[in-house]
Amino acid sequence: CLTVIFFQLYGYCYQDSNDIPDTLTTITELGSPLEMIQLLQTSWEDRFRICLSLVRLLHYLAHSPLGSVTLLDFRPRQFVIVDGELKVTDLDDASIEESSCTSNSDCFMEFPARNFTLPCSVEGRCQNMNEKRNLYNAYRFFFTYLLPHSAPSSLRPLLDKIVNATGNHTKCGNAKYLFFSLSPSLSVSSEFTQKCVKSANTKYKRVPEAFIPDENYRCWPSYHHKGCLLSVFDVNEAIEICDSYSQCKAFVLINQTTWTGRQLVFFKMASNHIVPDPHKITYVKVTG
C-alpha cells in the first residue's frame, strides 16, 4: 500500500568523499515532475486517477500508525507522477504534532484565500488540524483544478459537492469522506451516471463490424492528438457527446477501454468511407 502513495526506495549507501563526509546516495524509482499546465491538457480520467491517488495519501496520513501526519510543505513540487499515480517524494517537512491550545482562537489556520478556526479539545489540542491542513492544501493545489475541469457532465454535481466540502471544511470535508466518495467512482459507471445521461433526440444507425478510417476532427481533451478520441460510459453518452459537437456526424466504438473500464470512442465529421472491421462498431447520425 505504501509503495502506491510514497516514492519507492530501492536502495541506499553511505560514501565518504574528500569534500563531504558521510554522503548518502539513494536509488529510487523514476518519476515525472508534476507540471500542472501539462496535466490540464490530459484527459479527465487521467486527472481523476491522480486525484484518487492523492485521496489515498490523505486517508493514510490522517490514519497512519504514527497518528495524524501533516505535510507542512504540501505543494506540487513535493510530488511526482509514476505510471499515472501521484506519489510523495519529500517527507522532510512531515509532522505528527497537533498544535496545542487553550481556546479555539489558538486553532487558527491562515491560507492565502481564506482562514479557518478549529475547536480546541479538552486535551488542549487543536482537533484534526493536521488532517484539515492537508485537505485544504490538496483542495487549493490539486482538486480545484484537476477534478471539475472537463469532467463528465453526469458526475459534475457529485464532484462539485466533493470539492466544495473539501474547500469549505464542512462536516463532510475530511479524508474519510473523500476516500469513500471518490473510490466508488473509480469505474465511473454507477447508477448515478446512468440516470444522469440525457436522452438523445437524434437518431443513429448502428453499423456493426465497421470503421471510418478518416474524417477526423480535433477536440479537447482527446486521447489522440490528430482526432477526437474520448471515453464514454455507454452508447447513450457517446450520442450525447456527438450531439454536442456540430461537426460530429458519426462515432466508432473501438475495442479498447481506459483504466477505469470506460469505452474509447472515435468521433467523426462524416461517414462517406466506411470499411469492414470485425472489432469496431460504427454509429452514423441519421439526417432528414
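Scoring rules and cut-offs
- Residues numbered from 1 in each chain as written.
- Predicted model: local features only at pLDDT ≥ 70, side-chain atom pairs only at ≥ 80, totals over all residues.
- Heavy atoms only, no water.
- Helix = DSSP H or I, 4+ residues; strand = E, 2+ residues; numbered from the N terminus.
- Contact = heavy atoms within 4.5 Å.
- Areas by Shrake-Rupley, 256 points an atom, 1.4 Å probe, with all protein chains shown as cover.
- 1 Å grid on protein atoms, 1.4 Å probe; cavity = no way out; pocket = protein on both sides within 12 Å on 5 of 7 lines; lining within 4 Å.
- Points joined across faces, edges and corners; volume = space filled by probe spheres on them.
- Nonpolar A, V, L, I, M, F, W, Y, C, P; charged D, E, K, R; others polar.
- Polar contact = N/O pair within 3.5 Å; in protein donor to acceptor, adjacent residues only side chain to side chain.
- Pairing = 2+ DSSP bridges.
- Axes fitted to C-alpha atoms, helices over the stretch in contact; angles between N-to-C directions.
- Buried < 20%, exposed > 50% of the residue type's maximum accessible area, 1.4 Å probe, protein only.
- pLDDT = per-residue confidence, 0-100.
- Parallel < 35°, antiparallel > 145°, perpendicular 65-115°, else oblique.
- Left-handed = near helix turned anticlockwise from the far one by under 90°.

**Q** Sorry if this is basic, but what is going on with the overall build of the protein chain here?
**A** The number of helices and strands found in the protein chain is 8 helices and 14 strands. Put simply, of all contacts in the protein chain between residues at least 6 apart along the chain, 65% involve residues at least 24 apart. Element-wise, carbon and sulfur atoms account for 51% of the exposed surface of the protein chain, whose accessible area totals about 15700 Å².

**Q** Is there a simple way to think about empty space enclosed by the protein in this case?
**A** Where empty space is left can be seen by rolling a probe of water-molecule size over the atoms. According to the stated counting rule, one finds 1 cavity of 30 Å³ or more in the structure shown. One number sums up the size of the largest cavity: a volume of about 30 Å³. Taken together, Leu71, Leu72, Asp73, Gln78, Asp90, Leu91, Asp92, Asp93 and Ala94 make up the full set of residues lining the largest cavity. Taken together, the residues of the lining of the largest cavity break down into 4 nonpolar, 1 polar and 4 charged.

**Q** Whenever I open this one, the side chain of Ser95 confuses me. Can you help?
**A** Counting through the fold element by element, Ser95 comes out in strand β7 (residues 94-95). A polar atom in the side chain of Ser95 sits 3.2 Å from the backbone nitrogen of Glu97. Leave out the neighbours within four places in its chain, and Ser95 touches Ser68, Val69, Thr70, Leu72 and Asn130.

**Q** In this structure, what is going on with the sheet that holds strand β14 (residues 275-285)? I would like to understand it.
**A** With antiparallel pairing, the 5 strands of this open sheet are ordered in space as β10-β14-β12-β13-β11. Each edge of the open sheet carries a strand with a single partner, namely β10 (204-211) and β11 (228-232). Going from strand to strand, the sheet's axes swing by 30° on average, the running direction of each strand aside. Where β11 meets strand β13 (residues 263-268), 5 bridges bridge the pair, whose relative direction is antiparallel. Bridging across to β13, Ser231 finds its partner in Leu264. Helix α8 (residues 235-244) rests against β10, β11, β12 (250-257), β13 and β14 of the sheet, and its axis sits at about 135° to β12.

**Q** Teacher, can you tell me more about the environment of Ser99 here?
**A** Mapped onto the elements of the fold, Ser99 is located in the loop between β7 and β8 (108-110). Take Ser99: its relative accessible area is 28%, and that puts it in the partly exposed class. Separated by 28 residues in the primary sequence, Ser99 and Gln127 place their C-alpha atoms 8.6 Å from one another. With residues up to four places along the chain from it excluded, the contact list for Ser99 reads Gly124, Arg125, Cys126 and Met129.

**Q** Would you mind going over the confidence of the model for the protein chain with me for this structure?
**A** Taken over all residues, the pLDDT of the protein chain has a mean of 80, while the share at 70 or more is 80%. Element-level mean pLDDT values for the protein chain span from 40 in helix α7 (residues 191-196) up to 93 in β14.

**Q** Can you walk me through the packing of helix α4 (residues 129-146) against helix α5 (residues 156-168) in this structure?
**A** Between two packed helices, what matters for the description is the angle formed by their axes and the separation of those axes. For the pair α4 and α5, interaxial distance at closest approach is 8 Å and the crossing angle is 140°. When the axes of α4 and α5 are compared, the pair comes out oblique. Between α4 and α5 lies a crossing of left-handed hand. The residues of α5 that touch α4, namely those facing Leu135, Tyr136, Tyr139, Phe143 and Thr144, are Val163, Thr166 and Gly167. Of the residues belonging to the contact of α4 with α5, the class tally is 5 nonpolar, 3 polar and no charged.

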